Amino acid sequence: MNITDNWNWIPPKNWLKIKTIDLHTGGEPLRVYTSGLPEIKGNTILEKRRYFRDNFDYIRTGTMWEPRGHADMYGAIITEATTEDGDFGTFFLHNEGYSTMCGHAMIALVTLVLDTGMIVREEQNPTIKIDAPPGRITCKAFRKNGKVEKVSFQNVPSFMPMKDQVVNVPEIGNVKFDIGYGGAFYAYVQADELDLKLDETDYNKLIDYGRKIKYAVRDQFEIKHPVEEDLSFLYGTIFIGEAKDLNHHTRNVCIFAEGEVDRSSTGSGVSGRAAIHYAKGELEKDEEIIIESILGTCMSVKVVDSCVYQGMNAIIPEVSGTASITGQNEFYFDPNDPLKDGFIFR
């Protein structure tokens, strides 16, 4: 008899217990909390995110950082909708704190709620309306034999607030960049100008350069959202280079938060890229482009509409991708564990 056959241990009642389900979109992880969270107060998603940050940040560090997570873990908390017609709300966690938008999470969350029956929809290609930190995200699932094969979402108005700028970066020198917004602000940099390879061979160098460029831009330029102060910060650096597959447009590698490397093409990042390309006359309306990740996984993006947002020329991008469920977890927090709140080396 195996010693595990009669194992029926139950954790003590005074231990915090949190259950999650994990997915990935193009290789980028998403940990979604399914039970064990305290009440998260607030009338808007930004209020809820702020309340969680101020009162329960130990849950973020305890489930994103080691030993339960790792430096590149990413999470999403599902809340009740904060609009009358929303299906649910969400906000996002990572190694540094809380992001403003996450496209890979949108794709994964829609896959999750439909494939597991959290939301039941009879139609073949249902629409899911999600209340997120930057506003309403409208998603559409494409199912085959009852299983989600692809998810598309229309992002918030996306725009290019800075074009053809130069920043002096310590230990690197002058770096040319654009700023794009697709729910979060990124500095977009051409990889070949810095002799960077957009694959695993330059993994550590990409992290190093991405962080240094982010800090330099943040320190030397004002990043300001036209409406929300909570959205007014530079989230990361996105390096752009040639695609490995000639049928694809280009390759993205996004270094965000505290040196996290996005394994996917970055949904909010390709939204910002579409805004930049459209503003420069490099992308037509309804022209779809496919953008690779560091893994070679892909997202597609197209401009479905143009608009004026708070006095700026903007677009509505539509991003598409795929996600898969990878497992479930039940995490325990022993109050006597000196490392219960997690630790991180990056």
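With an unreviewed UniProt entry as reference, the protein is termed Proline racemase, source organism Marinifilum breve.

**Quick look at the packing of aromatic side chains**
Going through the model one piece at a time under the given rule, you end up with 20 aromatic pairs. Ring geometry for W9 against Y332: centres 5.7 Å apart, planes inclined by 80 degrees, an arrangement best described as edge-to-face. One end of the pair, W9, is in the segment before β1 (16-25); the other, Y332, is in strand β18 (residues 323-333), with 323 residues separating them in the sequence. You can call W9 partly exposed: its relative accessible area is 41%. Seen in terms of ring centroids, F177 and F221 are 5.2 Å apart; in terms of plane orientation they differ by 85 degrees. Their pairing is edge-to-face. Separated by 44 residues along the polypeptide, F177 in strand β10 (residues 173-181) and F221 in the loop between α3 (203-220) and β12 (234-241) bring together distant segments of the chain. Aromatic rings pair up to connect Y74, F92, Y186, Y188, F233, Y235 and F256 into one cluster.

**Topic: helix α2 (residues 103-115)**
Taking 1.5 Å of rise per residue, 13 residues should cover 18 Å, and α2 covers 18 Å from first to last C-alpha, within 8% of that figure. By the criterion of burial, α2 is predominantly enclosed, with twelve of the 13 residues buried. Listing the buried residues of α2 in full gives G103, H104, A105, M106, I107, A108, L109, V110, T111, L112, V113 and L114. Of the residues flanking the end of α2, it is G117, one or two places downstream, whose phi is positive at about 80 degrees.

**Things to note about the nonpolar core**
Counting 86 residues, the largest nonpolar core has M106, F177, I179, V217 and F239 as the members making the most contacts within it. No other element matches α2, which puts nine residues into this core. A domain-level breakdown of this core finds at least three residues from each of domain 1 (13-154 + 325-333) and domain 2 (158-321). Beyond its immediate sequence surroundings of up to four residues, M106 is in contact with T90, F92, M101, I130, A132, I137, C139, V151 and F153. Within the second largest apolar cluster, 16 residues are counted, among which are I18, Y33, I40 and F91.

**Details of a negative patch on the surface**
A cluster of acidic residues, D192, E193, D195 and E242, forms a negative patch at the surface. Assignment of secondary structure puts D192 in the loop between β11 (185-190) and α3.

**Some remarks on the domain arrangement of the protein**
What the domain assignment lists for the protein is domain 1 (13-154 + 325-333) and domain 2 (158-321). On a C-alpha basis, the centres of domain 1 and domain 2 stand 23 Å from each other. In this assembly, 28 residues from domain 1 lie in contact with 33 residues from domain 2. Regarding the contact of domain 1 and domain 2, the summed buried area is about 2300 Å², with carbon and sulfur atoms giving 51% of it. When the buried area of domain 1 at its contact with domain 2 is split by residue, D72, T100 and Q154 rank highest and sum to 23% of it. A salt bridge links R263 to D72; the shortest N-O distance between them is 3.4 Å. At the boundary of domain 1 and domain 2, one finds 15 residue pairs in polar contact (both at pLDDT 80 or more).

**What to know about the side chain of D262**
Tracing the backbone through its elements, the reader meets D262 in the loop between β14 (260-261) and α4 (267-279). Only 2.8 Å separates the side chain of D262 from the backbone nitrogen of S264, close enough to count as a polar contact. A distance of 2.9 Å separates polar atoms of two side chains, one belonging to D262 and the other to T266. Excluding anything up to four places from it in sequence, D262 contacts E28, C254, F256 and I294.

**Some remarks on the environment of N145**
Inspection of the secondary structure puts N145 in the loop between β7 (135-144) and β8 (147-154). The exposure class assigned to N145 is exposed, which follows from its relative accessible area of 76%. In this structure, the C-alpha to C-alpha distance between N145 and Q124, residues 21 residues apart in sequence, is 9.0 Å.

**Comments concerning empty space enclosed by the protein**
Applying the stated criterion to the full structure yields one cavity of 30 Å³ or more. Looking at the lining of the largest cavity residue by residue, the classes come out as seven nonpolar, five polar and one charged.

**Some details on the pairing of strand β2 (residues 28-35)**
Burial of β2 is extensive: six of the eight residues sit out of reach of the surface. Two strands pair when backbone bridges link them, and β1 and β2 are joined in this way by seven bridges, in the antiparallel orientation. Opposite H24, over in β2, you have P29 as the bridge partner. In this structure, the hairpin formed by β1 and β2 is closed by a connection of two residues, where G26 is found at a positive phi of approximately 60 degrees. Sheet analysis places β2 next to strand β3 (residues 75-79), joined by two bridges and oriented parallel. Bridge pairing in β3 places R31 opposite G75.

Criteria and thresholds
Residues numbered from 1 in each chain as written. Predicted model: local features only at pLDDT ≥ 70, side-chain atom pairs only at ≥ 80, totals over all residues. Heavy atoms only, no water. Phe/Tyr/Trp six-rings, centres within 6.5 Å; stacked < 30°, edge-to-face > 60°. Helix = DSSP H or I, 4+ residues; strand = E, 2+ residues; numbered from the N terminus. Buried < 20%, exposed > 50% of the residue type's maximum accessible area, 1.4 Å probe, protein only. Expected span 1.5 Å × (residues − 1). Core = buried A, V, L, I, M, F, W, Y, C linked by side-chain atoms within 4.5 Å. Domains from an automatic or database assignment. Contact = heavy atoms within 4.5 Å. Patch = residues over 30% accessible without salt bridge, like charges linked within 9 Å, V, L, I, M, F, W, Y side chains within 5 Å. Areas by Shrake-Rupley, 256 points an atom, 1.4 Å probe, with all protein chains shown as cover. Salt bridge = Lys/Arg side-chain N within 4 Å of Asp/Glu carboxyl O. Lys, Arg positive; Asp, Glu negative; His and termini not counted. Charge placed at Lys NZ, Arg CZ, Asp CG, Glu CD. Buried area = accessible area lost by both parts, 1.4 Å probe. Polar contact = N/O pair within 3.5 Å; in protein donor to acceptor, adjacent residues only side chain to side chain. 1 Å grid on protein atoms, 1.4 Å probe; cavity = no way out; pocket = protein on both sides within 12 Å on 5 of 7 lines; lining within 4 Å. Points joined across faces, edges and corners; volume = space filled by probe spheres on them. Nonpolar A, V, L, I, M, F, W, Y, C, P; charged D, E, K, R; others polar. Pairing = 2+ DSSP bridges.

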